[in-house]
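# Summary of structural features
Letter by letter, the chains look like this.
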Amino acid sequence: MEGRKASGYFLDARIYELVALCLAEYSFQLKGATPQRFLGLRSYNLQSQKNNKEHHTSEIGSQRLFVRRAQAFVITLNFDRPFHTDVDKIVFSAETGPQPTESLGTKVRFVPSKARSGNHWSVSDFSTYENSLQVSLSAPAHAIIGRYLLKVEISHHPSGRAESYKLGDFILLFNPWSSEDEVYLPSQTLLQEYLMMDYGFIFKGHENWITPWPWNYGQFEDDIIDICFEILDRNLNFLNDPSKDYSQRNSVMYVCRVVSAMINSNDDNGVLQGNWSEDYSKGVNPLEWNGSVAILRKWHATGGQPVRYGQCWVFAAVMCTVMRCLGVPTRVVTNFRSAHNTDGNLTIDMFYDKHAEMMPWERRDKIWNFHVWDECWMTRKDLPPGYDGWQVLDPTPQETSRGVFCCGPASVRAIKEGDIQLAYDTAFVFAEVNADEVIWLQESGQVKEILSHNTNAIGKKISTKMVGSDDRQDITNSYKYQEGTAEERSVFMKASRILLGSTGSSYPYMERMRTAWFQEKPVKLQLKLAKTPEWGQDLAFFLRARRLQGSEMGIEQLLLNVWLSAQALLHGGNAQTPLWRDKLSFSLVQGEEKELLITLPFTNYKDHISDEKLIRLSGVVEIEQTRRKLLVMKDVSLELPHFTIEVSGQAVVNKKLGVSVTFTNTQAEILQNCVLVLQGSGLIDGRMTINLGIIESGQTIQADVDLFPTKEGSRQLQVLLSCKEVKEIKGYKDIFVVSASST
């Protein structure tokens, strides 16, 4: 009996609900509305191919949705009946991060409006056709970048029923095409170069022998964008507080600093482990990398274990790949003779003994032969007006910044004007391009006398790839005023006062250096090459000495004793023990000039030179009558053999393209364990490796390969020939690929 009562009760309740629904629908009929059942979502279309093309992300792919901030994208919803605005209500939501919340901005809900809102997520521009609804969605210019889950909630006004549907994932990126975004760059030409170009050059070597190295950035290769966000998701801030870390990814400054820290592995399981020891037996010699893709994929494949090994150009190139992929205009910059000043006095001290041997560094200060960093383009709302534009970011782990091994962003304009108090790490970068070099004579651990004080030896030929060209662009004037001008010295003194205060200098040798400034040099010395310095050949050079008129008037004939040495120069600026020494003597009368031919045999440097193939020639000249000592030195970069790359026929998407690489061993020595490595985004998936074995002296080899280009447009094939004796014989070939439909 009780069961029948209960059963009747629930039946009566259901009848009441149906009656109420009928009355509600009858009410809508009286008002002229058509009664409708609940609106069900049957399917959706994120229109990835169309949206990606409009958002300049087609190179990443067309199967997934990749869109940019401050720009609308269109999606289509397909229902089981027509959409009616009077009874059907929709609310969109977008979520990012592990625990999305509206308070942190990692979860947003937005309803249809008549127009796009620049400050909020919005949905607008409704259009209906039969059972379909097309809408435009857009994220504000300050939205958090990253992976999002898009949802729609549909509610029915008469019944009050609501259902939520997942529409799929999309990735939101920075937008340098939008004037609302903080990375806005108002030039299509510059955007093509600094964001869309997936290959380029890194300039290495020495200020007098600058070599362009081809590099495959590959920011649009399959899976690279996912690896970029994996890098963000492994940074220390994320591990400590994931929600807070995600909430700060709307700031390009924050993202840049995180990436700068994560490219090296000094504080975390970053992408690359640095190594400057010359022992790379447990990994890859940094000289053998010629692209970022293999490095990033290896880091991902090993669960985030640092890849061995990297040096400055590798760190900077990989960061360039990540930042371009995320939507930030980025370029790689090389600073020749780059100072690493740790004590903040803007002076780098070097020491020689009387036999012309450069001594090991006593302190951590050093001068790199060259150093490579990145510049990222952005607005600096945290700084006074005038400091927007290019900002230095350096992922090479030299010094900590707020407790973490990263550097920047430092405004290039602030560096040039000496405003080194501005964030971030501007003083450190200023010293890299502006410090003075002072060279001292050292005996028995004691500093005896000054040999040289150079105010223009640091920060030479600062270089980047020229826009739309394979040539080098000198951007030194962006970093400092011309050396020796009043403006340059004024900025230097301004920075010195900020660093050292008005009380004076912390420089330990200041008094000794001041007295040396006023001593005239009686002899002008120069080391000059007699012929092109080629690896595998004897090195011939001249020592040129000219006695200046009016010098040492009381001495008719100056007697000069010269100690010469040659040392293999390491990338970090330090030198190995001398591989060759010589001593000679001669005399000079007033106004006389002499030129002495000197030869450094190949056998002396064959087994003692570093992979950089750099030799420092040094000479200490002692004037016998006065015991005064002078220094002369020259850095020599040995020229390596070359190879040629030939392409047969026109390059067409998905059609076979023949490529031939020809190399002749012009050296007197055999080359062992030779390997040819080819890569190029849109031309090769990953890398192609060919073992060549031994190449005899005078032998010519030819390697023929078939490529099947996958993307049209301008592409670059990078080729590396690595041997036991030489690690860095590199070349490239620009290839323009056309679509199959255009042939």
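Definitions and limits used
Along each chain, numbering runs from 1 in the same order as the chain's sequence is written. Side-chain atom pairs in this predicted model are given and counted only at pLDDT of 80 or more, local residue features only at pLDDT of at least 70, and totals for whole chains, interfaces and linings cover all residues. Values shown for side chains rest on all heavy atoms present in the structure; no hydrogens or waters enter the calculation. Numbering of helices and strands starts at the N terminus; helices are DSSP runs of H or I of at least 4 residues and strands are runs of E of at least 2. Buried means the residue's accessible area, taken with a 1.4 Å probe over protein chains only, is under 20% of the maximum for its type, while exposed means over 50%, and partly exposed covers the values in between. Note on contacts: a residue pair qualifies if any of its non-hydrogen atoms lie within 4.5 Å across the two residues. Criterion used throughout: strands pair if DSSP finds at least two bridges between them. For helices, the fitted line uses only the C-alpha atoms of the stretch in contact; every axis is such a line through C-alpha atoms, and the angle between N-to-C directions lies from 0 to 180 degrees. Side-chain rings of Phe, Tyr and Trp, where Trp is taken by its six-membered ring, are said to pair if the distance between their centres is within 6.5 Å; with planes under 30 degrees apart they count as stacked, over 60 as edge-to-face, and otherwise as tilted. Two conditions define a charge sitting above a ring: the NZ of Lys or the CZ of Arg must be within 6 Å of the ring centre, and it must be within 35 degrees of the ring normal. The criterion for a disulfide is a pair of cysteine sulfur atoms lying within 2.5 Å. N or O atoms within 3.5 Å of each other form a polar contact, as long as, within protein, one can give a hydrogen and the other can take it, and as long as residues adjacent in sequence are counted only when both atoms are side-chain atoms. Take the buried residues of types Ala, Val, Leu, Ile, Met, Phe, Trp, Tyr and Cys, join any two whose side-chain atoms come within 4.5 Å, and each joined set is a nonpolar core.

If you tally the helices and strands in the protein chain, you get 15 helices and 37 strands. If one aligns the C-alpha atoms of the protein chain with their principal axes, the spans along those axes are about 130 × 65 × 50 Å. The buried share of the protein chain, taken over its 743 residues, is 54%. A fraction of 68% describes how many contacts in the protein chain between residues 6 or more apart in sequence connect residues 24 or more apart.

What the six strands build is an open sheet, ordered β18-β17-β16-β14-β21-β22; its pairing is antiparallel. The open sheet has two free edges, formed respectively by β18 (410-411) and β22 (472-474), since each of these has just one partner strand. In terms of strand pairing, strand β14 (residues 330-340) meets strand β16 (residues 366-378) through ten bridges, oriented antiparallel. The residue bridging Val 332 from the neighbouring strand is Asp 374, located in β16. Contacting β14, β16 and β17 (389-393), helix α9 (residues 312-326) runs over the sheet at an angle of about 5° to β16. On the sheet, helix α11 (residues 426-434) packs against β14, β16, β17, β18 and β21 (460-465) and is oriented at approximately 70° with respect to β14.

What follows is about the sheet that holds strand β25 (residues 557-568). One key point about sheets: their strands pair by backbone hydrogen bonds, in either a parallel or an antiparallel sense. Judged by pairing direction, the sheet is antiparallel, and its four strands sit side by side in the order β26-β25-β28-β29 without closing on themselves. On the outer flanks of this sheet lie β26 (580-589) and β29 (629-637), each paired with one strand and no other. Neighbour-to-neighbour, the strand axes of the sheet open up by a mean angle of 20°, direction not taken into account. As judged from the ten bridges shared by β25 and β26, these two strands associate in the antiparallel manner. Considered in β26, the bridge of Trp 563 is made with Lys 583.

With that out of the way, let us pick up the packing of aromatic side chains. Counted according to the given criterion, the structure contains 22 aromatic pairs. For the pair Trp 121 and Tyr 148, a centre-to-centre distance of 5.2 Å together with 55° between the ring planes defines the contact as tilted. A residue pair is termed long-range when its members are at least 10 positions apart, and Trp 121 in the loop between β5 (107-110) and β6 (122-129) and Tyr 148 in strand β8 (residues 146-156) qualify at 27 residues. No difference in accessibility class separates Trp 121 from Tyr 148, as the two residues are buried. Ring geometry for Tyr 280 and Tyr 309: centres 6.1 Å apart, planes at 50°, overall tilted. In this pair, Tyr 280 sits in the loop between β12 (272-274) and α8 (293-301) while Tyr 309 sits in strand β13 (residues 307-310), placing the two residues 29 residues apart along the sequence. By the burial criterion, Tyr 280 is buried, and Tyr 309 matches it. Three or more aromatic residues joined by ring pairs make a cluster, and in this case those are Phe 73, Phe 92, Phe 110, Trp 121, Tyr 148 and Phe 170. A cation over an aromatic ring shows up here: Arg 161 above the ring of Phe 38, its NZ or CZ 4.1 Å from the ring centre.

Burial analysis of β16 places eleven of its 13 residues in the buried class, which makes it a mostly covered element. As judged from the five bridges shared by β16 and β17, these two strands associate in the antiparallel manner. Along β17, the bridge assignment pairs Asp 374 with Leu 393.

Turning our attention to the pairing of strand β23 (residues 523-529). Of the two faces of β23, only one is covered, namely that formed by Val 523, Leu 525, Leu 527 and Leu 529; the face formed by Lys 524, Gln 526 and Lys 528 stays uncovered. The pairing of β23 with strand β24 (residues 539-547) spans seven bridges and is classified as antiparallel. Bridge pairing links Lys 528 to Phe 542 in β24.

To continue, consider unusual backbone geometry. The step from Gly 408 to Pro 409 runs through a cis peptide bond, and the omega angle for that step is 5°. Secondary-structure assignment places Pro 409 in the loop between β17 and β18. Cis geometry is adopted by the peptide bond preceding Tyr 424, which originates at Ala 423 and carries an omega value of -5°. With respect to the helices and strands, the residue Tyr 424 is situated in the loop between α10 (412-417) and α11. Its identity as a non-glycine residue notwithstanding, Arg 337 has a phi of 55°, on the positive side. Here Arg 337 is to be found in strand β14.

Turning our eyes to something else, we now look at the state of the cysteines. This model, assessed by the stated rule, comprises zero disulfides. For Cys 312, which is in no disulfide, the shortest distance to another cysteine sulfur is to Cys 407 and amounts to 13 Å. You can call Cys 312 buried: its relative accessible area is 1%. Cysteine Cys 376 is unpaired, with the sulfur of Cys 256 as its nearest cysteine sulfur at 4.2 Å. With a relative accessible area of 0%, Cys 376 lands in the buried category.

Below, the discussion takes up the side chain of Thr 321. As for its position among the elements, Thr 321 is in helix α9. Polar contacts involving the side chain of Thr 321 include one to the main-chain carbonyl oxygen of Tyr 217, which spans 2.9 Å. Excluding residues that lie within four positions of it along the chain, Thr 321 makes contacts with Tyr 217, Gly 218, Gln 219, Ile 224, Ser 292 and Leu 296.

Further remarks concern the nonpolar core. A general trend in soluble globular proteins is that nonpolar side chains are found buried together. Trp 215, Ile 263, Val 271, Leu 272, Ile 295 and Trp 313 are the most contacted members of the largest nonpolar core, which has 66 residues in total. With 13 residues, the single largest contributor to this core is α9. If we skip the residues at most four places from it in the chain, Ile 263 touches Gly 270, Val 271, Leu 272, Phe 315, Val 318, Met 319, Val 322 and Pro 395.

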